[in-house]
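Structural overview for review
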Amino acid sequence: MAVVMDADRVSRSLTRIAHEILERNRGVQELALVGIRARGVPLATRIAADLRQLTGVDVPVGALDITLYRDDLMLHAVGPQPVIRRTEIPFSIDDKVILLVDDVLYTGRTIRAALDALIDFGRPRAIQLVALVDRGHRELPIRADYVGRNIPTSRQQSVQVRLQELDGRDEVEVEE
Amino acid sequence: MTTATALKSRHLLGIEGLDAGEIELVLETALAMKEVAGRTVKKVPTLRGRTVVNLFFESSTRTRMSFELAEKRLSADTLGMTTAGSSVSKGETLSDTARTIEAMAPDMIVMRHASSGAPHQLARVCKASIINAGDGTHEHPTQALLDAFTIKERKGRLAGLRVAIVGDLLHSRVLRSNVYLLTKMGATVIACGPATLIPPGLGQLGVEVTTRLDEAVTGADVVMMLRVQHERMHGLFLPSVREYFTQFGLTPARMSRAAADAIVMHPGPMNRGVEIDSEVADGPWSVILDQVSNGVAVRMAVLYLLAGGEEA
């Protein structure tokens, strides 16, 4: 067990990502953040706070639950169904640049599901991907546009992201 | 009470077999499902490739449409059978119909039947998950769940509420399922109807029973009206429509005895001027149309939760 990012590092990574977002996208007005539940949502909210500090503009934040779009849902008919939480995107995504935010980018299957879900809400001008941690081992042709930290892992390891809002503290840990 | 993480059974035959945590799980899942109805594309791929058979041995419009819409919004393949013109009208037994349908390997069967216990019999022979969409005078679990969802949406809770259920108590599966659900969730239920339409032993289900509507409505947070079937109007049960309305019809004057923010519900189809005055049905108390929209979300939740249910 090793802590690979502490609270300070998490916060600095998010601020850097906010700068990169501004560097890459000209207008803040057309941006919108969508966090993938659970931990993508507080991350999206924090990036929105950083963007407000940098530009004075409030970028809208939505929450996406991808359970209904999972590709492994009906694979195993035995066993309880994952609990569904609410999707809340209280703005139109049409013609917006959507910044899709998740904590860990791994196989890419969650992102595939999230892309399908987003398309059902409208037609964004572009979707860019933000991940706090990229741990590799992609199974689909998906890559992140903004990464907090690349952490090489083996498939046997698990990456735990803990955030103040949900877990009481900020840290990223690699567990065997 | 803590919300369950899964339903224990792979069938939904009644509310009686559920515990409070399972009921809460259905209601919370339905909340997420309701959001799908507000999207541009009102459809999610969750049950893609799954087959749902709607077996309606008794006529039904809203329940059947509600289930069909729920199935379609979850991308399931659906097929329906009604009694008229089917093999049932040609004399086939329920077990043989069940075995025939079973041979087509559906994943779920939604069933309505005039005989109490029919879905239970189906559950014994079929590998598919069975959802009871109303069996005789026994249970109508998804109706009680959508009623609970609607109450919670308006009141924020179920526990501690005073719920009056008024009408034909004897023949009502909606009553039975609601009594099980509301008492499990900590609400107080007052059942009210003509003495000829009160089933013996109703009090043993933890319900207050009265024949006086004013008494039932006084202080009620929720007034749930049950349909009085016209066929009961003749013969032994009730003298006349007018007399029924005088004694048990819900009017604005009677609603003034209820809590200031009380809501009025009806499982439909309603008989205006028989059990409910039009002024109440269309008035500020009424959540009758909310019940219809919420029905789809609740049925989506049930279909989703049973699709992954554990092997019995």
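As for the pairing of strand β5 (residues 162-166) of chain B
Residue and element names in this part refer to chain B. The element β5 is extensively covered by neighbouring structure, given that five of its five residues are classed as buried. The side-chain alternation of β5 yields two buried faces, one formed by R162, A164 and V166 and the other by V163 and I165. Both β5 and strand β6 (residues 188-192) contribute to a ladder of five bridges, which runs parallel. Along β6, the bridge assignment pairs A164 with I190. Each parallel crossover has a hand, and for β5 linked through helix α6 (residues 173-184) to β6 it is right-handed. Sheet topology places β5 next to strand β8 (residues 222-225); four bridges connect them, and they run parallel. Paired with A164 across the bridge in β8 is V223.

A look at the interface of chain B and chain A
In this assembly, 20 residues from chain B lie in contact with 18 residues from chain A. Broken down by secondary-structure element, the contributors of at least two residues to the side of chain B that touches chain A are α1 (20-36) and α11 (288-307) of chain B. Per-element accounting of the side of chain B that touches chain A gives the leading share, four residues, to α1 of chain B. Among the residues making up the side of chain B that touches chain A, the classes are represented as nine nonpolar, six polar and five charged.

A short note on the environment of A253 of chain B
Inspection of the secondary structure assignment puts A253 of chain B in helix α9 (residues 252-255). According to the C-beta neighbour criterion, A253 of chain B is exposed, with 11 such atoms within 10 Å.

Structural notes on the packing of α1 of chain B against helix α5 (residues 141-155) of chain B
Packed helices, taken two at a time, are described by the angle their axes make and the gap between the axes. Residues and elements named next belong to chain B. For the pair α1 and α5, interaxial distance at closest approach is 10 Å and the crossing angle is 65°. Viewed along their axes, α1 and α5 adopt a mutual orientation that is roughly perpendicular. Here α1 runs over α5; the crossing is right-handed. Between α1 and α5, the residues in contact are I23, V26, L27 and A30 and L145, A148, F149 and K152, respectively. In terms of residue class, the contact of α1 with α5 is built from seven nonpolar, no polar and one charged.

Conventions used here
- Residues numbered from 1 in each chain as written.
- Chains lettered and ligands numbered in written order.
- Predicted model: local features only at pLDDT ≥ 70, side-chain atom pairs only at ≥ 80, totals over all residues.
- Buried ≥ 20, exposed ≤ 12 C-beta atoms within 10 Å, placed from the backbone.
- Helix = DSSP H or I, 4+ residues; strand = E, 2+ residues; numbered from the N terminus.
- Pairing = 2+ DSSP bridges.
- Right-handed = clockwise from strand over helix to strand, strands pointing away.
- Contact = placed C-beta atoms within 7 Å.
- Nonpolar A, V, L, I, M, F, W, Y, C, P; charged D, E, K, R; others polar.
- Axes fitted to C-alpha atoms, helices over the stretch in contact; angles between N-to-C directions.
- Parallel < 35°, antiparallel > 145°, perpendicular 65-115°, else oblique.
- Left-handed = near helix turned anticlockwise from the far one by under 90°.

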